[in-house]
Amino acid sequence: TVRNEDTEPRVLVLEHPARAGWTVGGTVTPAETTSAWHRYRIPVAPKTTATFAVEDVRPGQTQYSVNAITDDQVAVLVRGQLITAPVEAALRRILAQKAEIARLNAAITIRQNELTAIGRDQERVRENMKALKGTAEERQLVQRYVKQLDDQENRLAVLRQETQALTDERQKAQAELVRLIEALST
């Protein structure tokens, strides 16, 4: 910003360094350029102030892996105005899909852990039943253990069905994630 306090118009010559790898952008072009400087001629009317901005531009490239992008990174890209609103919306849909897949994975893991725990418990019950052979409490305990094993088998069937349903749902969710990522790249 410069001010001309004189009663005559003036021409200000502004020298701006020419840096390697950078080019002058914007609408203002230098009046002359040397290997070290860009020179601009700025007319300033009497008793007025002129503002002049030089825009240096350097080409660059930033890559983000969509598979590894986080909500915080999307927020930074939005704040920096590095992505458009449609790209932000696409990234948010991808993040939501990734969250859904994580939820399904957690649900599958819970059911698999319960399957494993029931399997260990059934082994213990069967060992107890073997140890009861020939004892007076055998009949009563065997009935109890059979009831317990029957209940566990019913639960195992339900868990297997739920696990299969969740696995199918996860596969669909992963296919949708792939589709969303591919749609973003086009």
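Worth saying up front: this structure is predicted, and the values here are computed from it rather than measured.

Cut-offs and rules
Residues numbered from 1 in each chain as written. Predicted model: local features only at pLDDT ≥ 70, side-chain atom pairs only at ≥ 80, totals over all residues. Heavy atoms only, no water. Pairing = 2+ DSSP bridges. Helix = DSSP H or I, 4+ residues; strand = E, 2+ residues; numbered from the N terminus. Buried < 20%, exposed > 50% of the residue type's maximum accessible area, 1.4 Å probe, protein only. Polar contact = N/O pair within 3.5 Å; in protein donor to acceptor, adjacent residues only side chain to side chain. Contact = heavy atoms within 4.5 Å. Core = buried A, V, L, I, M, F, W, Y, C linked by side-chain atoms within 4.5 Å.

1. Description of the sheet that holds strand 2 (residues 10-17)
Part 1: Ordered in space as 2-5-4, the three strands form an open sheet in which the pairing is antiparallel. Each edge of the sheet is formed by a strand with only one pairing partner; in this case those strands are strand 2 and strand 4 (32-33).

2. Some details on the environment of Q73
Part 1: Relative to the elements of secondary structure, Q73 occurs in helix 1 (residues 71-79).
Part 2: Since its relative accessible area comes to 32%, Q73 is described here as partly exposed.
Part 3: At a separation of 2.9 Å, a polar atom in the side chain of Q73 contacts the main-chain amide nitrogen of T70.

3. Re the pairing of strand 5 (residues 37-44)
Part 1: Across eight bridges, the pairing between strand 2 and strand 5 is antiparallel. From the neighbouring strand, H16 faces strand 5, where its bridge partner is H38.
Part 2: With two bridges joining them, strand 4 and strand 5 adopt antiparallel strand pairing. The residue bridging T33 from the neighbouring strand is H38, located in strand 5.

4. A short note on the side chain of R39
Part 1: As for its position among the elements, R39 is in strand 5.
Part 2: A distance of 2.5 Å separates the side chain of R39 from the side chain of E15, its partner in a polar contact.
Part 3: Those residues within four positions of R39 in sequence are excluded, and the remaining contacts are V13, L14, E15, P30, A31, E32 and T34.

5. Observations concerning the nonpolar core
Part 1: Counting 15 residues, the largest nonpolar core has I69, V74, L91, I94 and L166 as the members making the most contacts within it.
Part 2: Among the secondary structure elements, those contributing two or more residues to this core are helix 1, helix 2 (85-131) and helix 3 (138-185).
Part 3: Looking at this core, the element that brings in the most residues is helix 2, giving seven residues.
Part 4: Setting aside its immediate chain neighbours within four residues, L91 contacts V66, I69, V74, I83 and L184.
Part 5: In terms of nonpolar packing, the next biggest core, distinct from the first, is built from five residues, V125, L132, Y145 and L149 among them.

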